[in-house]
Amino acid sequence: MTVAEYIVDELIKYDVMDAFGVPGGVILRILYAMQLRIPEMTPHLNYHEQMAGFAACGYAQAGNRLGVAYATRGPGITNMITCMAEAYQESLPVLFMTAYHNVNKNEARFEYSQEVDLTESVSKFTKYAARIASMEELPSILQQACSSALTGRKGPVFLDFYAALLGKNITPILKRKLLTQQCMNINFGESENIVKYIQKKVRDAKRPVILIGDGVRQVKNNTLFKNLISLIGVPVLSSRAAQDLCNQSELYFGYIGSHGTRYSNFIMSKSDLIIALGNRLAFPLGSESFLQIANHADIIRLDIDKKEFTRKIPNTVNFCIDLNSFVSYCATVQIALERKEAWIEVCNELKSRLEDCDITMPVKKLIQYLQKEKAGRTYVCDVGNNEFWFARAFEKVRKSGVLLYSKSYGTLGAALGRAIGAYYASKKEVVCIMGDQGFQYNIQELQYIGYWKIPVKIIVLNNACSEMILDHERILFGDVFLHVTEKTGYGTPDFKSIAQAYNIPYIKELDTENELPAAPFIYECYYHREKGLVPYLPKGNVCQNMAPIIDQKLYCYLQNL
């Protein structure tokens, strides 16, 4: 067995079935070793290294397992640096791989073309980064990298192999040095104490809520999590990134935030106890809008990353625990609590009064699409106004399925690659929602989708402008715009011609009488430019007083509920 074959063999043991990249001389042995292991592991050719990196991110995000991306040295792997930073901020377990030739150390700027040592550069936004220079260190470093990616708060790792090693045979003695992956131990004692504390606080509270975040995706058994929500029996709110996790529950009341649903922010403002599960509570600590909530509500925060607790939020009790462990423990005990029926009635009235607010034209078009789509799809959103409009439509329709965002890092144009990776992780149809600008960032990946006919449905929300940036320019410079409209330097191509060039069916208008056509296809959803993204929270307003401002009589009534 060669070193390259050994690397592939070990990745298969970590349940890696697909890897994404662009070939290059130094990495070819690993690529060919993957090819020999089809169907256990399949390499996929993307058309830009950045998209290969994002495909691995989508694979990790949708499959909740290790993603793998490979690239050649130099410009190949530097094209993936943005993907590494994305995976780090989004807590995605992805192994990024390359190889190098030069082992000489001298004072020259470089000795071989395309050689650059990235380990120190990427160490600030990876969980582990290393060069592997000898066969003796290979097993332990490979195991350390994969284990680091998958344990604790998950995240990316980076390995740079000495290319000359990849074709050599690895000895059985070295192979046996590889440590087995450690199993997670459930800390029942700690979980028991947390459950008792939560039970007491919920009983004493009048208006408790559970606030879930994207960290809940680490819970392997979503059914157990939904059962826990039902047993606690209090209203549930979420971050926008977690709105798909329990949106079928009668206790779910939408997503909060500066562009959240109005009734969700109202409910949050009225709560006296917030149980935050895998939610970073990422509002600025000086925020006049959200800090007032922390000042009058007790907060219980469960998070796997103790570094998150360095942000000192008032009235907060922090528990550092793996949510998967915690939910598994809760399934073994009876924790049912008396439902706060009067509080739930208030939440239902807030929702009924406000649920039809902020249904703008692009939201209406997306609602129409979602009503035609089948249950259980995977939805991948790009960055920009399109993601906020889709979130609002998704909340209105309450479709079952998985909804994936680029959250903290917010990489424009990443969705097409993530959709490819998400398909291979789930083997389910994927709906990819993009704006006209983000779609053009990595449009070359249509070649992959068209060539392999993978079932990715692409919705391009086209208003022929860069509207999110236009909104910022309007705030800063009035009606003096730059590079955001056709008259100021921004443009869009004929997307129908592009679809035809890549041999992908194109849709201009939805057929209201018949089912959606088979994937793949591109649906260009054209609409006229809006007057800005709504709703939004003006700086300094309390979180429930969102713009456009609602009728003041109604606002006062809702405030007094």
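Residues numbered from 1 in each chain as written. Predicted model: local features only at pLDDT ≥ 70, side-chain atom pairs only at ≥ 80, totals over all residues. Heavy atoms only, no water.

What is the right way to read the pattern of salt bridges from this model?
For the structure shown, the criterion picks out 31 salt bridges. The closest approach of N and O atoms between Lys407 and Glu90, which form a salt bridge, is 2.5 Å. Here the residue Lys407 occupies a position in the loop between β14 (401-404) and α17 (415-426), and Glu90 occupies one in the loop between α5 (81-89) and β4 (94-100), the gap between them amounting to 317 residues. We classify Lys407 as partly exposed; its relative accessible area is 26%. Asp214 is the partner of Arg217 in a salt bridge, and the nearest nitrogen-oxygen pair spans 2.5 Å. Residue class for Arg217 comes out buried when judged on its relative accessible area of 15%. Judged by its relative accessible area of 17%, Asp214 is buried. One salt-bridge network, in which partners are shared between bridges, spans Asp9, Glu10, Lys13, Arg37 and Glu40. (Salt bridge = Lys/Arg side-chain N within 4 Å of Asp/Glu carboxyl O. Helix = DSSP H or I, 4+ residues; strand = E, 2+ residues; numbered from the N terminus. Buried < 20%, exposed > 50% of the residue type's maximum accessible area, 1.4 Å probe, protein only.)

Could you clarify how one ought to interpret the sheet that holds strand β10 (residues 273-277) in this entry?
Strand pairing within a sheet occurs via backbone hydrogen bonds; the two strands may be parallel or antiparallel. Strand order in the open sheet formed by six strands is β9-β8-β7-β10-β11-β12, with parallel pairing between adjacent strands. Each of the sheet's edge strands pairs with one partner strand only, and the pair in question is β9 (252-255) and β12 (316-320). Neighbour-to-neighbour, the strand axes of this sheet turn through a mean angle of 20 degrees, independent of strand direction. (Pairing = 2+ DSSP bridges. Axes fitted to C-alpha atoms, helices over the stretch in contact; angles between N-to-C directions.)

Please clarify how the environment of Arg73 should be interpreted in this entry.
Its location among the elements puts Arg73 in the loop between β3 (67-70) and α4 (75-78). Under the relative-accessibility criterion, Arg73 is labelled buried at 17%. Taking C-alpha positions, Arg73 is 38 Å from Leu323, a pair spaced 250 residues apart along the chain.

Please clarify how the sheet that holds β3 should be interpreted in this entry.
Ordered in space as β2-β1-β3-β4-β6-β5, the six strands form an open sheet in which the pairing is parallel. At either end of the open sheet lies a strand with only one pairing partner, and these are β2 (42-45) and β5 (128-132). Here the average twist between neighbouring strands, direction ignored, is 20 degrees. By the bridge criterion, five bridges tie β5 to strand β6 (residues 157-162) in an arrangement that is parallel. Its bridge partner being in β6, Tyr128 is matched across the sheet by Val157.

Explain helix α15 (residues 361-372) here, please?
An α-helical turn contains 3.6 residues, so a residue and the one three or four places further along point in the same direction. When the terminal C-alpha atoms of α15 are compared, their 17 Å separation across 12 residues agrees well with the 16 Å that a helix rising 1.5 Å per residue should span. Inspection of α15 places Pro362, Val363, Lys365, Leu366, Ile367, Tyr369 and Leu370 among the buried residues, and these make up the whole buried set. Against β13 (377-381), α16 (385-397), β15 (430-435), β16 (456-462) and β18 (521-526) lie the buried residues of α15. (Expected span 1.5 Å × (residues − 1). Contact = heavy atoms within 4.5 Å.)

Got a minute to help me understand the side chain of Arg262 in this structure?
As for its position among the elements, Arg262 is in helix α11 (residues 262-270). Residue classification places Arg262 among the buried residues on the basis of a relative accessible area of 5%. A polar atom in the side chain of Arg262 sits 2.7 Å from the backbone oxygen of Pro548. (Polar contact = N/O pair within 3.5 Å; in protein donor to acceptor, adjacent residues only side chain to side chain.)

Is there a simple way to think about helix α14 (residues 341-354) in this case?
For α14, built from 14 residues, the straight-helix expectation of 20 Å at 1.5 Å per residue is met to within 8% by its first-to-last C-alpha distance of 20 Å. Taken residue by residue, α14 has Trp343, Ile344, Val346, Cys347, Leu350, Lys351 and Leu354 as its buried positions. Projected down its long axis, α14 shows its buried positions confined to an angular sector of 155 degrees, all on one face. Facing away from the buried side of α14 by over 90 degrees, the exposed positions are Ala342 and Glu345. (Arc of directions from axis to C-beta.)

Can you walk me through the environment of Phe309 in this structure?
With respect to the secondary-structure elements, Phe309 resides in the loop between β11 (298-303) and β12. For Phe309, a relative accessible area of 12% translates into the label buried. Residues Phe309 and Gly384, spaced 75 residues apart in sequence, show a C-alpha to C-alpha distance of 30 Å.

Honestly, the packing of aromatic side chains in this entry has me stumped. Any pointers?
Between two aromatic rings, the relevant description is the distance of the centres plus the angle of the planes. Across all of its chains, the model carries 16 aromatic pairs by this definition. Between Trp389 and Tyr527, the aromatic rings sit 5.5 Å apart at their centres with planes inclined by 85 degrees, giving edge-to-face as the arrangement. Of this pair, Trp389 sits in helix α16 while Tyr527 sits in the loop between β18 and α22 (552-559); the two residues are 138 residues apart in sequence, bridging distant segments of the chain. The buried category is assigned to Trp389, whose relative accessible area is 2%. Residue classification places Tyr527 among the buried residues on the basis of a relative accessible area of 3%. (Phe/Tyr/Trp six-rings, centres within 6.5 Å; stacked < 30°, edge-to-face > 60°.)

Sorry, what's going on with a nonpolar patch on the surface here?
Side chains of Ile475, Leu476, Phe477 and Val480 sit close together on the surface and give an oily, nonpolar patch of about 490 Å² of accessible area. In this structure, Ile475 sits in helix α20 (residues 467-477). When its relative accessible area of 69% is taken as the criterion, Ile475 is described as exposed. (Patch = residues over 30% accessible without salt bridge, like charges linked within 9 Å, V, L, I, M, F, W, Y side chains within 5 Å. Areas by Shrake-Rupley, 256 points an atom, 1.4 Å probe, with all protein chains shown as cover.)

I tried to follow the packing of α14 against α22 on my own but got confused; where do I start?
Relative orientation and spacing of two packed helices are given, respectively, by the angle between their axes and the distance between those axes. The geometry of α14 relative to α22 is characterised by a closest axis approach of 11 Å and an angle of 165 degrees between their N-to-C directions. Taken together, the axis directions place α14 and α22 in an arrangement best described as roughly antiparallel. Between α14 and α22 lies a crossing whose hand is left-handed. Mapping the contact onto sequence places Glu349, Leu350, Arg353 and Leu354 in α14 and Leu554, Tyr557 and Leu558 in α22. Along the lines of polarity and charge, the residues of the contact of α14 with α22 split into five nonpolar, no polar and two charged. (Parallel < 35°, antiparallel > 145°, perpendicular 65-115°, else oblique. Left-handed = near helix turned anticlockwise from the far one by under 90°. Nonpolar A, V, L, I, M, F, W, Y, C, P; charged D, E, K, R; others polar.)

Looking at this model, I keep getting lost on the nonpolar core. Mind explaining?
Considering soluble globular proteins, one finds that nonpolar side chains tend to be buried as a cluster. Of all hydrophobic cores here, the largest spans 65 residues; its most connected members are Ile210, Ile212, Leu277, Leu302, Phe326 and Phe390. Sequence-distant contacts of Leu302, defined by excluding residues within four places in its chain, comprise Ile194, Ala276, Leu277, Gly278, Phe319, Ile321, Leu323 and Phe326. Counting 50 residues, the second largest nonpolar core, distinct from the first, contains Cys57, Ala422, Cys432 and Tyr448. (Core = buried A, V, L, I, M, F, W, Y, C linked by side-chain atoms within 4.5 Å.)

Can you help me understand the environment of Ile420 in this one?
Structurally, the position occupied by Ile420 is in helix α17. Ile420 sits 10 residues away from Val430 along the chain, and the two C-alpha atoms are 8.2 Å apart. Sequence-distant contacts of Ile420, that is, excluding residues within four places in its chain, are made with Phe20, Asn46, Glu445, Tyr448, Ile449 and Ile454.

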